[in-house]
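Here is how the chains run, residue by residue.
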Amino acid sequence: MIDLVCGGQAGDEGKGKISAYLSYKGNYDYCVRVGGPNAGHTVVQNGVSYTLKNIPSGFLNPKTKLVLGAGAYTKTEWLLDEVKKTNTQDRLIIDPYAVLITDEQTQAERGASHFMNHIGSVGTGLGQAVKERIERRDIKFAKDEPLLKEFIQDVPELLNRCLDKGGDILLEGTQGIKLSLLHGEYPFVTSRDTTASTFLGEAGLGPKSVRDVYVVFKPYITRVGPGPLEKEISDEKELEIYHTKGHEIGSVSKRLRRVGEFEKRSASRAIMINNCTKIAITHIDMFPGNDRVKKEEDFTPEAKKFLADLRALSAQVYPHPKIALISTGPDMEDTLVL
């Protein structure tokens, strides 16, 4: 069966941690990543932090094979550097039609004021690469790179064969609903859709074998760069807490994230459009007094109210998901299972 992890806000929700936890505990046969290197996923195990642009967060489980689908974009040197850091050379599989971002595409994006100034691109070249793919330009695929030859396999065939034999797959999405090209806050969006259905298509999978769709929320919302934020926080002392304890600094852009209060409308759309069956909450410890809590009844009144409000919201939005996981600290093991 297939489980998916999707972002319920503007990215930076903690999908990397949730994906790592699910893969580590669930023993999936494959963990699949789509999207580009403009959105990093951070995983912390035993105090050691990994920031990954492309390697799936499920790499911490040595039994899980790691897959980049045809909807993935990467730069060869970045990917090989991550392979070395994570020691995953024997487990990586890449679809022949995953796209390799070239230096020329990165330079073109960084030189375009529309990308960099108007919509706040992080300048990896992803937007330019997607644009050229849509225009059917002469782009570079993974199958064209000799350094990646040993990793190339037909990913749709591989994954669907796994499902046919009763195997399990974790599909790790990227970014969040507010950044979806189709359903987000245009024009302050990314260059692709960021919802469950598109993640499946980019991996070469269909909806019939989906078991659960996890949507990840924080008790507040963050953005890197311009775009709408309801009730944005401007108090410098308050922001400093988010930027230090909450590590609200872009893992790829290294820019301080803007912070706003939790948005019910964004959450409702994320539940509805992703067909969410389970909710994962991260950063609950940003409410003072909730660090590494082991039982739900031990949360502070402020945290309990947030959880109660979210449950009331999800009861009104199809398919009425339950809260399944709550992250109470940065380490992968700081996770409460309900």
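Everything quoted here is computed from the prediction, not taken from an experiment.

Asks: Got a minute to help me understand the overall build of the protein in this structure?
Replies: On a plain count of helices and strands, the protein comes out with 10 helices and 15 strands. Taken against the 2.2 N^0.38 rule, which gives 20 Å for 338 residues, the C-alpha radius of gyration of the protein at 19 Å falls within 12% of a compact globule. Taken along the three principal axes of its C-alpha coordinates, the protein extends 55 × 50 × 40 Å. Looking at the 338 residues of the protein, the share that counts as buried comes to 57%. Long-range pairs, those at least 24 residues apart, make up 74% of the contacts in the protein between residues at least 6 apart in sequence. About 14800 Å² of surface is accessible on the protein, with carbon and sulfur atoms providing 50% of the total. Charge centroids of the protein, computed over 45 positive and 46 negative side chains, lie 2 Å from each other.

Asks: What should I look at first to understand the packing of aromatic side chains in this one?
Replies: To describe a pair of aromatic rings, one takes the distance between the centres and the angle between the planes. Enumeration according to the criterion identifies six aromatic pairs in this entry. Taken together, a centroid distance of 5.1 Å and an interplanar angle of 75° make the contact between Tyr 97 and Phe 141 edge-to-face. Pair noted here: Tyr 97 is in the loop between β6 (92–94) and β7 (99–100) and Phe 141 is in strand β8 (residues 140–141), with a separation of 44 residues, a long-range link. Its relative accessible area of 17% is what places Phe 141 among the buried residues. Of the aromatic side chains, those joined through ring pairs into one cluster are Phe 217, Phe 262, Phe 287 and Phe 306. Over the ring of Trp 78 we find Lys 53, and its NZ or CZ is 5.1 Å from the ring centre.

Asks: Help me out: how do you make sense of the pattern of salt bridges in this one?
Replies: Side-chain pairing between opposite charges can occur once the charged atoms of the two side chains come close. Tallying each qualifying case throughout the model produces 23 salt bridges. As a salt-bridge pair, Arg 211 and Asp 3 come within 3.0 Å of each other at their nearest N and O atoms. Taken as a pair, Arg 211 in strand β10 (residues 210–217) and Asp 3 in strand β1 (residues 2–7) lie far apart in primary sequence, 208 residues in all. Between Glu 202 and Arg 192 there is a salt bridge; the shortest N-O distance is 2.4 Å. Residue Glu 202 is located in helix α7 (residues 196–203), and its partner Arg 192 is located in the loop between β9 (169–172) and α7; the two are separated by 10 residues in the primary sequence.

Asks: Any chance you could explain helix α1 (residues 15–26) here in plain terms?
Replies: Counting along an α-helix, one turn takes 3.6 residues, and residues three or four places apart therefore face a common direction. Between its first and last C-alpha atoms α1 spans 16 Å; for 12 residues at 1.5 Å apiece the expected length is 16 Å, and the two agree. Within α1, nine of the 12 residues are buried, which leaves the element mostly enclosed by the surrounding structure. Within α1 the residues assigned to the buried category are Lys 15, Gly 16, Lys 17, Ile 18, Ser 19, Ala 20, Tyr 21, Leu 22 and Ser 23. Asn 27 occupies a position one or two residues after α1 and carries a positive phi of about 55°.

Asks: Just checking my understanding: could you explain a nonpolar patch on the surface for this structure?
Replies: Taken together, Leu 181, Leu 182 and Tyr 186 make up a surface patch of nonpolar side chains, about 360 Å² in accessible area. Along the chain, Tyr 186 falls in the loop between β9 and α7.

Asks: I tried to follow the nonpolar core on my own but got confused; where do I start?
Replies: Buried together is how nonpolar side chains tend to be arranged in soluble globular proteins. Residues Leu 4, Ile 169, Leu 171, Phe 217, Ile 281, Ile 284 and Leu 310 are the most contacted members of the largest nonpolar core, which totals 44 residues. Among all residues touching Phe 217, those that are not within four sequence positions of it are Gly 8, Gln 9, Phe 262, Ala 267, Ala 270, Ile 271, Ile 279, Ala 280, Ile 281, Thr 282 and Leu 310. Membership of the second largest hydrophobic core comes to 31 residues, among which are Phe 59, Phe 151, Val 216 and Ala 280.

Asks: So what exactly am I meant to see when it comes to the packing of helix α3 (residues 103–110) against helix α5 (residues 126–134) here?
Replies: When two helices pack together, their arrangement is given by the angle between the helix axes and the distance between those axes. Two elements in contact, α3 and α5, have axes separated by 7 Å at closest approach and are oriented at 110°. The orientation of α3 with respect to α5, classified from their angle, is roughly perpendicular. Regarding α3 and α5, the two cross each other, and that crossing is right-handed. Judged by residue contacts, Gln 105, Ala 108 and Glu 109 of α3 engage Leu 126, Gly 127, Gln 128, Ala 129 and Glu 132 from α5.

Asks: What is the right way to look at the pairing of strand β3 (residues 41–45) in this model?
Replies: Put simply, side chains in a regular strand alternate between the two faces of the sheet. For β3, the tally of buried residues reaches four of five residues, placing the bulk of the element in the interior. In sequence, β3 turns back onto strand β4 (residues 48–52) through a hairpin of two residues, with Asn 46 there showing a positive phi of about 55°.

Asks: What is the right way to look at the state of the cysteines in this model?
Replies: Here, the word disulfide means a covalent bond between the sulfur atoms of two cysteines. According to the stated counting rule, one finds zero disulfides in the structure shown. Cysteine Cys 31 is unpaired, with the sulfur of Cys 162 as its nearest cysteine sulfur at 12 Å. Unpaired in terms of disulfides, Cys 276 finds its nearest cysteine sulfur in Cys 6, a separation of 8.1 Å. Of the residues examined, Cys 276 reaches a relative accessible area of 0% and is grouped as buried.

Calculation notes
Residues numbered from 1 in each chain as written. Predicted model: local features only at pLDDT ≥ 70, side-chain atom pairs only at ≥ 80, totals over all residues. Heavy atoms only, no water. Helix = DSSP H or I, 4+ residues; strand = E, 2+ residues; numbered from the N terminus. Rg over C-alpha atoms; globule rule 2.2 N^0.38 Å. Buried < 20%, exposed > 50% of the residue type's maximum accessible area, 1.4 Å probe, protein only. Contact = heavy atoms within 4.5 Å. Areas by Shrake-Rupley, 256 points an atom, 1.4 Å probe, with all protein chains shown as cover. Lys, Arg positive; Asp, Glu negative; His and termini not counted. Charge placed at Lys NZ, Arg CZ, Asp CG, Glu CD. Phe/Tyr/Trp six-rings, centres within 6.5 Å; stacked < 30°, edge-to-face > 60°. Lys NZ or Arg CZ within 6 Å of the ring centre and 35° of its normal. Salt bridge = Lys/Arg side-chain N within 4 Å of Asp/Glu carboxyl O. Expected span 1.5 Å × (residues − 1). Patch = residues over 30% accessible without salt bridge, like charges linked within 9 Å, V, L, I, M, F, W, Y side chains within 5 Å. Core = buried A, V, L, I, M, F, W, Y, C linked by side-chain atoms within 4.5 Å. Axes fitted to C-alpha atoms, helices over the stretch in contact; angles between N-to-C directions. Parallel < 35°, antiparallel > 145°, perpendicular 65-115°, else oblique. Left-handed = near helix turned anticlockwise from the far one by under 90°. Pairing = 2+ DSSP bridges. Disulfide = S-S within 2.5 Å.

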